[in-house]
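What the coordinates show
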Amino acid sequence: MRWVQLEYVLKGIYLGLLLFVALQEPNIGGVELVALCTLGGLALALLLAATGKLRKGYRVRGKTFSFILFLLLESPELVYAGIVGGLAIGAHLIRRPGDESLMTASVVVGAFLGFVFGLLRRLRHRWGRMALVIVLAAGLAAAGLYYLNENPEHVTNKTLFGAHLLFGIPFFYVLTFAGRAEESEVEIGLICATAGAGLYLLNLTPAIRSIPFLVPVAVYYAYVTRVLPGLRVFKHGLRGHSHASVGKHREALTAFRRALELSPANKLAREGLWMVHRNMDLSQVGNDPEMLAMIDVDLCLGRAAALLIEAKPSEPRLQEARHLLDLVEKQRPVALPVVRYWRSVALLHQGQYEPAAQLLTQVIDPAQSPANDAHRQSVLFPAWQLALMGHGEMRTRVAEPQLEIPGRRLEAIAAVERQLKAEPEDGGAWDLKRLLYGSLTEAEYQTAGTDTPLPAFDYAYAQQLGLALIDDDGRWQRGAEYLRMAAHGLPVLGPSLFGQIAKAFERAGNAEGALHNYQLAQRAGRAVGPANLSDEDRKAFFHVVKHLGDTAAKAGDYDAAIDNYHLYTENENSGLETLRTLAELYERKGDPLSALRIVEKALIYDSGDKDLLQRKDKYYYSVTPEQLQAKLQWLRNAFDVPYCINKARSIVEAKNLSLEAMPDMAHWALHLAELAQVMEPANVTAMVLRARARLMRGERDEALVILEDLKCSKPEKFASGDDEDAWYVAHRLLGRMYMDELARPDLAIDAFLEFRKSAKSGADTLFRLGQAFEATGDMKKAARYYEQVTAYESHPLVSEAREALYRVQAETNRGVGSPE
């Protein structure tokens, strides 16, 4: 069984023996005997403990009370043996004959309850543990009192019984105080329960019987919440100082560290811990790994810093600081940068500039530590502060040579920014920041060699520096450097910052530099996205883009002009004129497809704009079918097929075209129809218009091929009513060509019969059918169709149809016609 758990068992045995003594109801002599045995046991225990400690080198040195407390704390085994053993002897001496079994039962029950309460202290939830202790302790007291009330024959004098219980409380508290286990709510709960039962039995307040219970509860709460936390710390602190006084450093460190765990702000424990570290012998510590592991490195560093931060520390303080730094280096070698920094401070106090400079340089130089070393970073700011602003010798020997190394100033700036992030109001850090940024050049910044912004760099501060100088005719170039650095880390401000730089170049008469910076402003805005800019920055960005577009257009750089005007269209205020300008630029560049696409977009905003409509005619005329085929998908949603169809139809159906205009108009109609068929290869209307345009041009054979190809590929379903009408028109044209030009009335009959299915067929078609059948020698059918024409009394062909009807009828009567 572990000693801590055994302590609780012994405490339970003590209470069991105390209850046994009370049940014996001893007289005054018996009480004195029990007290003498208990005190004698405690005295003997302390004597033995003192003898052992004195042999080990401990000395009283006039502090008798403190030494006795120390003996209690450091000899729990002897104290428990003395008190419990003494009480057991006293109980045995005063027992009544025949009560040996009762004594044994008291010891066993007490031991069991002690074991249970030892388990109870392991509960981690403090308030739950307190409540449970109150319930169990009060329950035991209440059960005991109830038993005495129900069995009065066991105790004849309840007042004397209660006094015996109270008599044992001081010794129980000594056991609690001396134990190795930290005192918990369990012990004070048992004490208060015993006190409550004893006070109740004494009957000191017969009028108010509840007071004996209320007082212990109040004492319990006050002790647990106010006294117990400090008492725990005091016990560990007392142990620590006693061990430290005889050079028992390991034991002292253990005690002080536990005290600081319980109360980090305890001055007595902290001073004691410093004292132990200060008095350690490094040669001994180095040979004791367990001892070395117990050194509080952070405490050593804090103490050394506190000693060295003084303006003029005394030699003893310097010596103490050096000793603590030696401990840190031995225990935590990775903290060497921190040790080097404070050693350089100590050397400066002694006026040893060269070794101090060497140590400080080792801290600042990244090659002297692992990459991203946290210990070096923790002292990098104070190291730069010391080098640049703390001492003139350090500035000359350390800061100036280091700042000449590429990238070193940026590292110093990063250290300052980390410091300001942790302590924004640090005046010293702000002074160092102004000094470092004030002499930072763009070339130094670029040594970082990264496209991404630096994580520890104040770009807003660089912007402020740049804005303060950009309008100064003598220092604007320096301001431009700061603004370019700011733009690298603040991309959303890039357009406005580069725009301000460009204006500064313009004021200086440097057009080339201004143009370059306007281009940088454009790139910055495009990279971020205009939608992500503030209203003011977006306005400035589009102003730059428009300026670049106009400049490029005047210079004949159409690609650049088009690029900028396309970007300018993202401006909600760009308007129709921007699209008109874009179309003009594409036209100048010789890209009618793109110009056409822009015009179609512009016409969405104003479909009646005369200039745009003229441009549309021009661009559709300029685009070749081959060009369109090459960019079919790109232009599909912007190409106006109905425009091509309607325009071509209006040309081929025009009634008043002059002979001079005919060839050009026919070419235009053919061109538009071909474009439409590129976009919609199955468009019947486009194919028929192609054929009609060919006929206008006198290209009869080409037209015939188109129409016959169409005739052989009738779709299952027409895409539109226009396509169906065009299908019938194609057959009408074929019928005429077969009759008038190719002398193939048989083919003409099939074509005209197909056309008759059209709602647009009429007397003309019937007359043509009559002619075709007459030409094939089928007079009866010819007569039938001629006769149908005569039904249209007002039609111009009626008279010709009658003459033809008489003719074929005469031929039929002579027996010439073919039988039906």
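Everything that follows concerns the structure shown earlier in this document.
Residues numbered from 1 in each chain as written. Predicted model: local features only at pLDDT ≥ 70, side-chain atom pairs only at ≥ 80, totals over all residues. Heavy atoms only, no water.

The next thing to look at is the overall build of the chain. A count of helical and extended segments in the chain gives 42 helices and zero strands. Burial analysis of the chain (820 residues in total) assigns 48% to the buried set. For the chain, long-range pairs separated by at least 24 residues make up 64% of all intrachain contacts whose partners lie at least 6 apart in sequence. When the accessible surface of the chain is split by element, carbon and sulfur atoms take 55% of a total near 40,600 Å². (Helix = DSSP H or I, 4+ residues; strand = E, 2+ residues; numbered from the N terminus. Buried < 20%, exposed > 50% of the residue type's maximum accessible area, 1.4 Å probe, protein only. Contact = heavy atoms within 4.5 Å. Areas by Shrake-Rupley, 256 points an atom, 1.4 Å probe, with all protein chains shown as cover.)

Below, the discussion takes up the packing of aromatic side chains. As enumerated under the stated definition, the model contains 16 aromatic pairs in all. With 5.2 Å between their ring centres and 55° between their planes, Y437 and F457 make a pair best called tilted. Of the two residues, Y437 is situated in helix α21 (residues 427-438) and F457 in the loop between α22 (442-446) and α23 (459-469); the sequence distance between them amounts to 20 residues. Since its relative accessible area comes to 1%, Y437 is described here as buried. (Phe/Tyr/Trp six-rings, centres within 6.5 Å; stacked < 30°, edge-to-face > 60°.)

Below, the discussion takes up the packing of helix α31 (residues 610-622) against helix α35 (residues 662-679). Across the interface, α31 lies against α35 with an axial gap of 9 Å and an inter-helix angle of 75°. Viewed along their axes, α31 and α35 adopt a mutual orientation that is roughly perpendicular. Across the interface between the two elements, D617, Y620 and Y621 of α31 pack against H667, W668, H671, L672 and L675 of α35. Here the residues of the contact of α31 with α35 sort into five nonpolar, two polar and one charged. (Axes fitted to C-alpha atoms, helices over the stretch in contact; angles between N-to-C directions. Parallel < 35°, antiparallel > 145°, perpendicular 65-115°, else oblique. Nonpolar A, V, L, I, M, F, W, Y, C, P; charged D, E, K, R; others polar.)

What follows covers the environment of L628. Here L628 shows up in helix α32 (residues 625-630). Through-space distance from the C-alpha of L628 to that of F639 is 9.6 Å; in sequence the pair is eleven residues apart. Those residues within four positions of L628 in sequence are excluded, and the remaining contacts are L593, V623, L635, F639, L675, V678 and M679.

This part is about the pattern of salt bridges. Pairing is possible between side chains that carry opposite charge, provided their charged atoms lie close to one another. This structure, assessed with the given rule, holds 44 salt bridges. R397 is the partner of E393 in a salt bridge, and the nearest nitrogen-oxygen pair spans 2.8 Å. Here E393 and its partner R397 are both found in helix α19 (residues 392-403), four residues apart, which amounts to about one turn of the helix. For E393, a relative accessible area of 29% translates into the label partly exposed. (Salt bridge = Lys/Arg side-chain N within 4 Å of Asp/Glu carboxyl O.)

On to helix α28 (residues 558-568). Within α28, burial applies to A561, I562, N564, Y565, L567 and Y568. Elements in contact with the buried residues of α28: α26 (511-528), α27 (535-554) and α29 (575-589).

All right, on to a nonpolar patch on the surface then. Judged by side-chain polarity, L44, L47, L48 and L78 come together as a nonpolar surface patch covering roughly 370 Å² of accessible area. Top contributing element to the nonpolar patch by residue count: helix α2 (residues 28-55), with three residues. With respect to the secondary-structure elements, L48 resides in helix α2. (Patch = residues over 30% accessible without salt bridge, like charges linked within 9 Å, V, L, I, M, F, W, Y side chains within 5 Å.)

Take the side chain of E754 next. Within the element layout of this structure, E754 appears in helix α39 (residues 745-755). Given the relative accessible area of 13%, E754 is considered buried. The contact partners of E754, leaving out residues within four places of it in the chain, are K714, W727, Y728 and H731.

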